[in-house]
Each structure stands twice: as C-alpha cells, then as structure tokens.
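Per-entry structural report
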Amino acid sequence: MLKINNLHASVEQKEILKGLNLDIKPGEVHAIMGPNGAGKSTLGFILSGREGYEVSEGQVEFNGEDLLDMAIEERARKGLFLAFQYPVEIPGVSNMAFMKESVNAIREQRGETPLTATEFLKKAKEACKQVQLSLDFLKRGVNEGFSGGEKKRNEIMQMILLEPSLCILDESDSGLDIDALQVVANGVNSQRDGKRSFIIITHYQRLLDYIKPDYVHILANGKVVKSGDASLATDVEKEGYAFLGQDNAEETNA
Amino acid sequence: MSEQLDQALSRKYDAGFVSDIESETFPPGLDEDVIRRISAMKEEPEWMLEWRLRAYNNWLDMEEPDWAHVHYPKIDFNAISYYSAPKSMADKPQSLDEVDPELLRTYEKLGIPLYEQEMLAGVAVDAVFDSVSVVTTYRAKLEEAGVIFCPISEAVHKYPELVKKYLGSVVPRSDNYFAALNSAVFTDGSFVYIPKGVRCPMELSTYFRINEENTGQFERTLIVAEEGSHVSYLEGCTAPQRDENQLHAAVVELVVMDDAQIKYSTVQNWYPGDENGKGGIYNFVTKRAICHTNAKVSWTQVETGSAITWKYPSCILKGDNSVGEFYSVALTRGRQQADTGTKMIHLGKNTKSTIISKGISAGNSNNTYRGLVSMGAKAEGARNFTQCDSLLIGDRCGAHTFPYIESRNPSAIVEHEATTSKVSDDQMFLCQQRGLDPEKAVSMIVNGFCKEVFKELPMEFAVEAGKLLEISLEGSIG
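In what follows, the accompanying structure is described. Being a predicted model, the structure only gives us computed values, none of them experimental.

**Some thoughts on the sheet that holds strand β10 (residues 197-201) of chain A**
All names here are of chain A. Strand order in this open sheet of 6 strands is β6-β9-β10-β3-β11-β12, and the pairing throughout is mixed. Edge positions in the open sheet fall to β6 (80-83) and β12 (223-228), since each of these has one partner strand only. For this sheet the average axis-to-axis angle between neighbouring strands, irrespective of direction, equals 20 degrees. Here strand β9 (residues 166-170) runs beside β10; their pairing, made up of 5 bridges, is parallel. By the bridge assignment, Leu166 is partnered in β10 with Ser197. Relative to β6, helix α1 (residues 40-48) is tilted by about 145 degrees, and along the sheet it contacts β3 (29-33), β6, β9, β10 and β11 (215-220). Strand contacts of helix α8 (residues 230-239): β3, β11 and β12, with the helix running at about 45 degrees to β11, the strand carrying the most contacts.

Next up, the structure:
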C-alpha cells in the first residue's frame, strides 16, 4: 500500500532524509524509532505533503499512485491520516463542525453521500467514547484550550471518525501519562482490522508495549539503519540509541 | 466585473433614452435650485425644504474630512446627479439572461430564489410575484401592532409631526460633511415607529420595504422606539447589489426611549471594484443612536463590500443604566479600504458598552478599526469593554487599530484588548490534512474568528453571513 524508495528530502536546504526505503503492506503496523533529529517527524510531514519540505530524489507510491504528486487534501481524501505531535488550535471553529466538514470531504472522494447531522453526531459520539473524551469536546473549538493529553486523544478521535487506510502517528505518546497512553493505544488497536496500515513514530518503546508492531525500524541520520520485529524496540529500550553512533560513522565513511 | 458593469451602462445608451426618463434625471451638479427641485419632485412641505436648504448651507461651510486611513481621488460633487427617477421597465434588463453571469453565479451560491434574483439584479418584472402578497400580509401584521414602517418620503407626508420632531435629533444637519450632504439631498429611506410598550411582531427588513428603487445613494433612516418597546431591524442583504452610483452617503438615526431596545443589523455587500479597485462604491455612513434611561442599542454589522467604507455606528448613552453594543466583522480584500468602528459616549450613570470588532484583511487591502470610548464627568460607574481583533491573510494587506479613550470620571472603567493574528500555516495544514481544500480551510478559520459577532446576528442572517464570507474569500489565498 505504501512504497518508499530511496527518498531524499531537505528542509531549508538541509538534507534530512538521505535515501529512505520502506515497504508497508495492508494491515501492517510499522514503528519508526530513532534519536531526536533523525528525521522521524520529517517523514510524517513529507508523506502528508506539508509545505517547506523539498524532495530531491526518490519515489513514494500510495495504493499504486504517485503520492508526492498529490495535494495535501488529496492525500487525506485518499486515506492518508496524520495524527499530529503538536495539534494546532483553530479558535471558534467547533470540533464538531470541523470534523463533519472533514468526514464529508473524504466521503465525497469515496463516492459516498454526505452524512446528515444526526448520522454524524452518532458516529462522533461513539468515537469520543472510544477515546474517553466527554461530548463537550465536540462543541469546543478545535483543540482550543485542550490539555496536551486531550489534544492527543482528539487526534485519535479524528482518526477513528475518518477511517483512513494509512495512519501516521507522530509521537502520539509524547507528554501522556500512563492512563492516557492506554486510551490512545486502545483507540489505535480498535482500528486494526487487517487492512488498515499504521506508521507509528515514537521516541520510546513505551507505546509499543500497548500497540504491538509487526516491524520496527530504526531511523538515524535520514535512513533506516536497522529493521526487525517488535523485539528490536525492546533492545533499543535497554541499550539506547548509542549503538547507532558507530553505524552512522561507518556509513558516512563508506 | 467593472467592464461588465460598463457594458451594462453603455447598453442603456445603445438602447436609447426614453425621453421622459431623461427629463426626470437631473443633470450633474449641486446648488440650491437642485435641492428645491428634489423637494418639489417629492412634493415636500415647506419645512422639509427649509431643513434641506439649511443643511446645504452647513455643508458649503464644511471641509471634506481627511483623517480616515483611506485614499481615494477627490470626489467632484458637481459631477454627481442628485436625482434620478426610477428606471423605466424598458430601460432595465429584460431577463436574467441580460445580467452579468458573475452576479448570477454568486446569487446561486447564496441560494437566492429566482424571483428574488430578478429583483436584486433590477430585472424588469411586473411586481406581481409572491412578494406582493408577502408584503401585504407583512403590513397588515404591523398595522395591527401599531408599528409604522414606511418610506421616509411617505412619513414626511403622513407623520409630519414625528418626522419634524426626530429628524436630525440624533445626527444634526451639521454633524459632519457627509451627514450634511445627506440631509440636503437625501433621496429616500425607512421610517420606523414603535409605539410605547410594543414588541415589534417580526424582524423589520429593508428587503421588504415597498419602494426598493432609488434609495441607495443618499439613504436616510429614522427609527423611533417609544418607552418599553422592542424592535430588530435588518438592513441590506448578503447578495451583491448593483448600483450605478459610486458615492453613497447614508444617515441612520435611532431614538431609543426609556426601557426600549433596538437591535440594528447590517450586511453591506456593495460592489467593491475590480482587482485594481476601480469602479467600487464609496460608502460614507453616519449611524448614531441616542439611548435614554435603561435603553439598549445593539449595532451588528458585517461589512464585506464597497471600495471604501467609512462608518462608525455610535451610541450616545445619555440615560442612566443604558447599554450600547457594537459587534462588527469587516472583511477587505483586493484593493478595498475600510475605516470603521464605533463611538460609545457615556453620559449617564452606570452606562455600559461592549465593542467586539473583527477585522479581516486579505489581498492588498487595508482594514482599520477606529473607535472612541468617552466617559463623561457624570458617568459614575460606567463601564466599557473593547475587544479588537485583526486577522491577516497573506502578506500584502494591512490591519490598523486606532482606539481613542477619554475618561472624565474616575469611577468609570475602560478595558481594551487587541490582538493581531495571521491564518497560520499550521492551521492551514491541519485543515488540509483533514481533507479540506485551501479555500474551505480559510473560510472555516475566518468564520471561527468571527464567531462572537455572528452569534449576535439574527439566525437566518448569521447563516447567510457565513456563506458570504466564504464567497468573499474565494481566490484570496495562494
């Protein structure tokens, strides 16, 4: 469903990704781990099309189409979802109005009829329940005055509502206490249906105790330097990213 | 669009003038004789003519104000015709097919029914469609309640005592340059009178006023709410209105007696000009209310049109405990310039005022908030709260705030909050990542920004205003 081939990308003329490869099949959960500054968040932004990132080389194929050629909203409508690390506030726009607009934009792409207010409300209530957000959050402005944990849960709520085919979670665990972490993980796990794929970007192994990945990739210096199964995450937790220093050095020498 | 307007204008000449029309349209220029002729056309009583002439003499002694943050070529007041008779049926577009398709597209987006489209576009239709019966029912209901709602030219004849008593009582003839001009040459407008203790049974809308023709240029509105009465008045409409007069100078006066309330809502969407700002309407408006004891006035405005907007709906809080409110959304784009705000003059004890102003600038436009809060020496315990927010879209527009605060009473409290923000890349990215196209994203963010003002509008107006912003913002990003 997603094939990343030799991806090179830079921000403000500084190369961040230096030949990244990744192949994700339907239903798979891939965790991307790595030290700060490795390019993890950059990967999420490039896949979702954020401006300011220059792709200089490589291809990304999403369900057989050239992802890099699509506008941001087109990628979203075709099933790519990014849960933000730092969700931004949109004052005065209710979460409900925002999500209804969003759900219907995506339904339109799929050739489905727009949801009525009642239908939408029913779904939204269920989604809120799943991430343990009270219904008040639907009426409040998008992320307006939400705590860090509420913002993260709100992202997962949106993901549940939008039913994407590829979910990219950018450090959805950062700043969460253990209870909130479980809520987020449960929300994600509830969406694993054998078809939907996930890219879980995280710094710590903690989240992966709750969301069991099929693959773990270590990203360092703009490349995947190591791939393995879930046990790789445990190794990293024990040994830290220090061992990468050597690998990196070798690569730059090579 | 201006080209199309020009075309529409020249078409009129191609078709040739019907001679009686020509004779009823005055040649350009302004002098006492012109005013006498206007008054005569309207068969006005002597006192009305004298009032106009005095206003004219006031005007002659005045200078055109230049303090506003707007720039435009000097207006040649002698190049304007001050009276034009209603267009004849033959002179109007014969069907919607002859109307600027751009205008029709906008009507469609706003969901305006066909017969209303015809009315707004000035198509020659016999006034037999639904509206006649609507208006009749409307009038009957108002009469039953004792409410007077009629063209001011009619009121001059039918209710001369009321007009004489209140006309110019809130905005004196010599108040300012444009008010003086309006007083001298006003064409028509609305007169509303709500008797003591009456709650007007429906929202009054200029839309339903019988004489739609020819009130645009120098409109004069007078609303008197007697003791304990209530009225909500809606002015303008969201549909872009065609008008071939470039200069508009309206005056609105509200008289709010003890315990009475007036809610005055405006949606202004006159032609803003082409992308170079050419051909747009110059809108110089004086709006003021006088509030007696326990009275309340609420001005709500959504200003999206005109090349130049110069407008400061104000409240004189004369009576103790009276309340003034001003809620404003002003959106400028292209080359539009808006200098708008309010004046809250606190004279009575425990008077209260609230000002919420939302300015949105896009394109190459300039948007200015200018407001005065004045606490008089006797305004014991008076309070004001002002919130003034500006939102910028793009990096070629300007937002300016000029708050003036005067306090002569140590017990009065004045609060002023102001913010300036931009539609951020992060917000845009979030919206687009959720599948919204950039235009929808901007309109959503802007609507959120205006929420506090929109909630003050009558329900139906609020929905339309949201749509209007969306349409106005089209093409203003990127």
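**Structural notes on helix α4 (residues 117-130) of chain A**
All names here are of chain A. For α4, with 14 residues, the first-to-last C-alpha span of 20 Å sits near the 20 Å given by 1.5 Å per residue. Elements that come into contact with the buried residues of α4 comprise α3 (95-109), α5 (136-139) and α6 (148-162). Looking one or two residues beyond α4, the residue adopting positive phi is Gln132, at roughly 55 degrees.

**Focus on the interface of chain B and chain A**
Each side of the interface is counted separately: chain B has 19 residues, and chain A has 29 residues. For the pair chain B and chain A, the two sides together bury roughly 2,000 Å², of which 64% comes from carbon and sulfur. Our count for the contact surface shared by chain B and chain A stands at 3 salt bridges. Between chain B and chain A we count 10 residue pairs in polar contact (both at pLDDT 80 or more) in total. With 8 residues, the single largest contributor to the side of chain B that touches chain A is helix α11 (residues 425-433) of chain B.

**So, the nonpolar core**
Among the nonpolar cores identified, the biggest contains 112 residues, and A:Leu2, A:Ile4, A:Leu47, A:Phe98, A:Ile199, B:Ile360 and B:Val446 are the most heavily contacted of them. Discounting residues that sit within four places of it in the chain, B:Ile360 has contacts with B:Val329, B:Ala330, B:Leu331, B:Thr332, B:Asn367, B:Leu391, B:Ile393, B:Val446, B:Phe449 and B:Cys450.

**Some remarks on the pairing of strand β15 (residues 366-375) of chain B**
Residues and elements named next belong to chain B. Across the 10 residues that make up β15, a large majority, 9, are buried. Examined bridge by bridge, strand β13 (residues 337-346) and β15 share 10 bridges and lie parallel to one another. Across the sheet, the residue bridging to Met344 is Val373, located in β15. Pairing geometry for β15 and strand β17 (residues 398-407), over 10 bridges, is parallel. Bridge pairing in β17 places Arg370 opposite Phe402.

**Comments concerning unusual backbone geometry**
Residues and elements named next belong to chain B. In this structure, Asn294 takes a positive phi of about 60 degrees despite not being glycine. Inspection of the secondary structure assignment puts Asn294 in the loop between β8 (282-291) and β9 (296-303). Its identity as a non-glycine residue notwithstanding, Asn321 has a phi of 60 degrees, on the positive side. Take Asn321: it is sitting in the loop between β11 (314-317) and β12 (323-332).

Conventions used here
Residues numbered from 1 in each chain as written. Chains lettered and ligands numbered in written order. Predicted model: local features only at pLDDT ≥ 70, side-chain atom pairs only at ≥ 80, totals over all residues. Heavy atoms only, no water. Pairing = 2+ DSSP bridges. Helix = DSSP H or I, 4+ residues; strand = E, 2+ residues; numbered from the N terminus. Axes fitted to C-alpha atoms, helices over the stretch in contact; angles between N-to-C directions. Contact = heavy atoms within 4.5 Å. Expected span 1.5 Å × (residues − 1). Buried area = accessible area lost by both parts, 1.4 Å probe. Salt bridge = Lys/Arg side-chain N within 4 Å of Asp/Glu carboxyl O. Polar contact = N/O pair within 3.5 Å; in protein donor to acceptor, adjacent residues only side chain to side chain. Core = buried A, V, L, I, M, F, W, Y, C linked by side-chain atoms within 4.5 Å. Buried < 20%, exposed > 50% of the residue type's maximum accessible area, 1.4 Å probe, protein only.

These results come straight from atomic positions and should not be treated as a statement about function.
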